[in-house]
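Descriptive analysis of the structure
Single-letter residue listing:
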Amino acid sequence: MSLILSPCSLQLSTFHSPFTRNSLQFCVPTLSQPCHLSTRPITRISCLSTRPRKKTTSANSEETEARELVRIIMRSFSDKEPLVKTLSRYVKVVRCEHCFLLFEELGKTDKWLQCLEVFRWMQKQRWYIADNGVYSKLITVMGKKGQTRMAMWLFSEMRNSGCRPDASVYNALITAHLHSRDKSKALDKALGYFNKMKGMERCKPNIVTYNILLRAFAQARNVDQVNALFKDLTESIIAPDIYTFNGVMDAYGKNGMIREMESVLSQMKSNQCKPDIITFNVLIDSYGKKQEFDKMEQVYMSLLRSKVKPTLPTFNSMIINYGKARLKERAENIFKKMIDMKYTPSFITYESLIMMYGFCDCVSRAREIFDGIVDSGKEVKVSTLNAMLEVYCINGLPMEAERLFDNAHEMGLIPDSSTYKLLYKAYTKANVKDLLQKLVKQMEKDGIVPNKRFFLEALEAFGSSPASRGSVSTTVGGRPQNTAKTDVEVTS
């Protein structure tokens, strides 16, 4: 018995795999009449909708121009010309929306201090009005960078400026705490803010609040608290949405908690919430990682029968998970099916194929794909280089990995810290001291400064087994061991 996800339901039934064993044909694609009224004077009354309008071509053009200006500003500032000086050169055109975009761009890197410089510069402008949105954005950026204390300072600064916090500000603050390293303390803080919000009229928890907390406790494997939050949500006037269920199922799925994930799926049915492509992809990826391929394949076939269309992550997930179980032909079939359905593979698809062949001991086939990408003339991502290097390492070929690493610059590839971390761990595990010493010297030359976590992860490699074998240690003969089946039925 296994799981079927159809457009109308999820249920258990007997299933025969539709997958056949076809060979892979791989190639790198280029890439009415008017009414006559009286002529006497009349008073015209117009009714204007207060709903936000859809973006027009003009609005889209303005947004494009704003993003272009932000790109110019980001390219202009340097050590010689500080960001504030660059902003002052564009003082006549820079407004609040540009600063929001700057917060986003700076937040993608470790330049969170520059976000504060932009904020101080904003406060000096005539057009600036203290606004909860500005503080929420900054608190979110600081939280993502692990700067919880700075997020708290901004919260205090907001209250001192005369702004009254609302639910969006508290949601940002909760999220900031959840990014901290001490997860237990962070969850306690988050619950504290949640209970405080309940007592304030302006700050009543909304669906975003519940979604943040539910996902966080599901990630922490705290099933009791997830159930308590769901109960609280049911008793409130707020209705859970698709993001609620997808977020919790994704968190449970990533933790391998399949039974709990299926329980949330049942709740989704009882709330008459229709599954979307994210739901399908979460289920496919979760079952795939646990190597419950019968269920994974049935969800996939149900997706093909539904009005929802597969996306590239659907195929990428199946390819890599079949690879980890050393089911090469099934993975090749999925790729062939994807091409037949006129999907264009992304670089992640090719990385999934490279890793799949690596897990299946087909190193030369993985290298063919890598060389095909390089020869295609398209931009090659560092992550693609890392995938090929990892294939060499998990197959016990450190010398080949070192040779490819040395040739990376000739291919126009510049290794980053993730490349060095991958090789450092692999060389440590293989106990090849000469390659390790050479790598450390190259790190110094390229200005890569390892932190404490870098070395801790490398030390863990001593006690771990080779990835190519450990990845399938839970299987028998390349197939997963039998697992308990859970009755699940969801109407969409």
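Parameters at a glance
Residues numbered from 1 in each chain as written. Predicted model: local features only at pLDDT ≥ 70, side-chain atom pairs only at ≥ 80, totals over all residues. Heavy atoms only, no water. Phe/Tyr/Trp six-rings, centres within 6.5 Å; stacked < 30°, edge-to-face > 60°. Helix = DSSP H or I, 4+ residues; strand = E, 2+ residues; numbered from the N terminus. Buried < 20%, exposed > 50% of the residue type's maximum accessible area, 1.4 Å probe, protein only. Lys NZ or Arg CZ within 6 Å of the ring centre and 35° of its normal. Contact = heavy atoms within 4.5 Å. pLDDT = per-residue confidence, 0-100.

**What to know about the packing of aromatic side chains**
To describe a pair of aromatic rings, you give the distance between the ring centres and the angle between the ring planes. Scanning all chains against the criterion turns up 11 aromatic pairs. Geometrically, the ring pair formed by F155 and Y170 is edge-to-face, given 5.4 Å between the ring centres and 65° between the ring planes. Within this pair, whereas F155 is found in helix α6 (residues 148-160), its partner Y170 is found in helix α7 (residues 167-178), the two being separated by 15 residues in sequence. The pair formed by F155 and Y170 is uniform in burial state, with each residue classed as buried. Ring centres of F293 and Y322 lie 5.0 Å apart, and the angle between their planes is 35°; on these two criteria the pair is classed as tilted. Of this pair, F293 sits in helix α14 (residues 293-305) while Y322 sits in helix α15 (residues 312-324), and the two are 29 residues apart along the sequence. Exposure class is identical for F293 and Y322. Each is buried. Through a chain of ring-to-ring contacts, three or more aromatic side chains come together here, namely F155, Y170 and Y193. Just above the ring of F347 sits the side chain of K381; from NZ or CZ to the centre is 5.2 Å.

**Looking at the side chain of E157**
Position of E157 among the secondary structure elements: in helix α6. Each residue touching E157, except ones within four places of it in the same chain, is listed here: R120, Q123 and Y135.

**Topic: the confidence of the model for the chain**
When pLDDT is averaged along the chain, the result is 82, and 79% of the positions lie at 70 or above. This model gives residues 11-53 a pLDDT under 50, and the stretch forms 58 contacts once residues within four places in sequence are excluded. Across residues 465-492, where pLDDT falls below 50, the model places 68 contacts with residues more than four positions away in sequence or in other chains.

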